[in-house]
Amino acid sequence: MKVFQPKKIILQIVKATALFLLISGALLYILPIYFSDTITKKVQSIANEKLESEIQFNSIHISFFQHFPSLTIALVDVKLKGSKPFEKKDLLTAKTIALGINVGSLLTDHMTFDAVYIENGNINVQVDKLGHANYNIYKSVSNDTPAPSNEESGLKINKIIFIDTDLTYQDLSIPVAINLKKLNYLGQGDLTSSIFDLKTHADIGSFDFNLDGVNYLQSKPVQADLITRINTESLSLIFSKNDLKIKNLPLSFEGHFDILKNGYELDFNLKTKHTTLQEVVSLLPPTYDHWIQDTKMSGNTEIQVSLKGKHIAN
């Protein structure tokens, strides 16, 4: 009759687990090396095929460990130029831009990328007085050339992540200037579909909003959870569920934003949620901080704001 030996069983389990971890670790290290040339050539091919603007980077790293468990290819010290007439200025610089690879696609003829990670980046979006923008860097497809499928293009993005990234948007045709610092952003959705829902969570360390030379918000922290329906064919955005917190003030808004040939049309409705007067006053620019500190106030308030109409650049 065999005697139950728990110590021996536990030892066997520990050995098997250690062997499994060792093999897994070896595969995580070996696979990126094995597919290194294939992945690098695919990235270069997509960049040359899809981008009008010049892109530069110092090196490429391929690893499972940077954004585990995703296999990622990371471009280090990246610079991406803007489109005409801003082709000599940077649209994007970043310490790293990583592309998440669909591991299953490595075993097929069509390797695809399904995630984008931008870390320690600086995005500079510019629009001149005539409405020319620097972000039109994607090559257009002629009417005679059939558009490639997602698999053929190698792009099937369903996740975008920004880590400690700054973003500047300056539109001289309005004129408006927006600055976001320390942006940490997660956007999820089938970004390659013509119509898709983009689910967003964002934390912004500092948010500035300037309209026609007047600072309406300055250095305010923002938290946001948004659901936006995007129609890339009609260039329409529908904001169905949007919860914001600007400093201490909770807000919600809904509406739509349509891009027209010569401008855009918008319809926004914003309201506060369970708000005190103190929370509303907290949004005042820093020049009023000394006044707020010396003022006592109490009470609840409700604010509703509607913004509707068309903006035509000319």
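In what follows, the accompanying structure is described. (Residues numbered from 1 in each chain as written. Predicted model: local features only at pLDDT ≥ 70, side-chain atom pairs only at ≥ 80, totals over all residues. Heavy atoms only, no water.)

### Looking at a nonpolar patch on the surface
There is a patch of nonpolar side chains on the surface, built from L211, V214 and Y216 and spanning about 250 Å² of accessible area. Here V214 is to be found in strand β9 (residues 214–231). (Patch = residues over 30% accessible without salt bridge, like charges linked within 9 Å, V, L, I, M, F, W, Y side chains within 5 Å. Areas by Shrake-Rupley, 256 points an atom, 1.4 Å probe, with all protein chains shown as cover. Salt bridge = Lys/Arg side-chain N within 4 Å of Asp/Glu carboxyl O. Helix = DSSP H or I, 4+ residues; strand = E, 2+ residues; numbered from the N terminus.)

### As for the pattern of salt bridges
Opposite charge on two side chains allows them to pair when their charged atoms are near. Under the counting rule described, the total for this entry stands at two salt bridges. One salt bridge in this structure joins D197 and R229, with 2.7 Å as the shortest N-O distance. With a gap of 32 residues between them, D197 in strand β8 (residues 195–211) and R229 in strand β9 connect regions that are remote in the sequence.

### Focus on the nonpolar core
Formed by 46 residues in total, the largest nonpolar core has its most connected members in I97, I118, L183 and F207. The leading source of residues in this core is strand β4 (residues 90–101), at six residues. Setting aside its immediate chain neighbours within four residues, F207 contacts I178, N179, L180, L217, Q218, S219, K220 and V222. (Core = buried A, V, L, I, M, F, W, Y, C linked by side-chain atoms within 4.5 Å. Buried < 20%, exposed > 50% of the residue type's maximum accessible area, 1.4 Å probe, protein only. Contact = heavy atoms within 4.5 Å.)

### Overview of the side chain of D208
Its place among the elements puts D208 in strand β8. The charged side chain of D208 is buried without a salt bridge, its nearest counter-charge being K181 at 5.7 Å. A polar contact is formed between the side chain of D208 and the backbone nitrogen of S219, at a distance of 2.5 Å. The residues contacting D208, other than those within four sequence positions of it, are A177, I178, N179, L217, Q218 and S219. (Lys, Arg positive; Asp, Glu negative; His and termini not counted. Polar contact = N/O pair within 3.5 Å; in protein donor to acceptor, adjacent residues only side chain to side chain.)

### Side note on the environment of K296
Inspection of the secondary structure puts K296 in the loop between α5 (289–293) and β14 (300–301). Measuring from C-alpha to C-alpha, the distance between K296 and Q278 comes to 8.8 Å, with 18 residues separating the pair along the chain.

### Focus on the packing of aromatic side chains
What the rule picks out here adds up to six aromatic pairs. For the pair F239 and F253, a centre-to-centre distance of 5.6 Å together with 50 degrees between the ring planes defines the contact as tilted. Within this pair, whereas F239 is found in strand β10 (residues 236–246), its partner F253 is found in strand β11 (residues 249–260), the two being separated by 14 residues in sequence. Here F239 and F253 have matching classes, each one buried. Relative to F268, the ring of F239 has its centre 5.6 Å away and its plane inclined at 70 degrees; by these criteria the two rings are edge-to-face. (Phe/Tyr/Trp six-rings, centres within 6.5 Å; stacked < 30°, edge-to-face > 60°.)

### Quick look at the side chain of S252
The residue S252 is located in strand β11 in this model. Excluding residues within four positions of it along the chain, S252 makes contact with N242, D243, N269, L270, K271 and K273.

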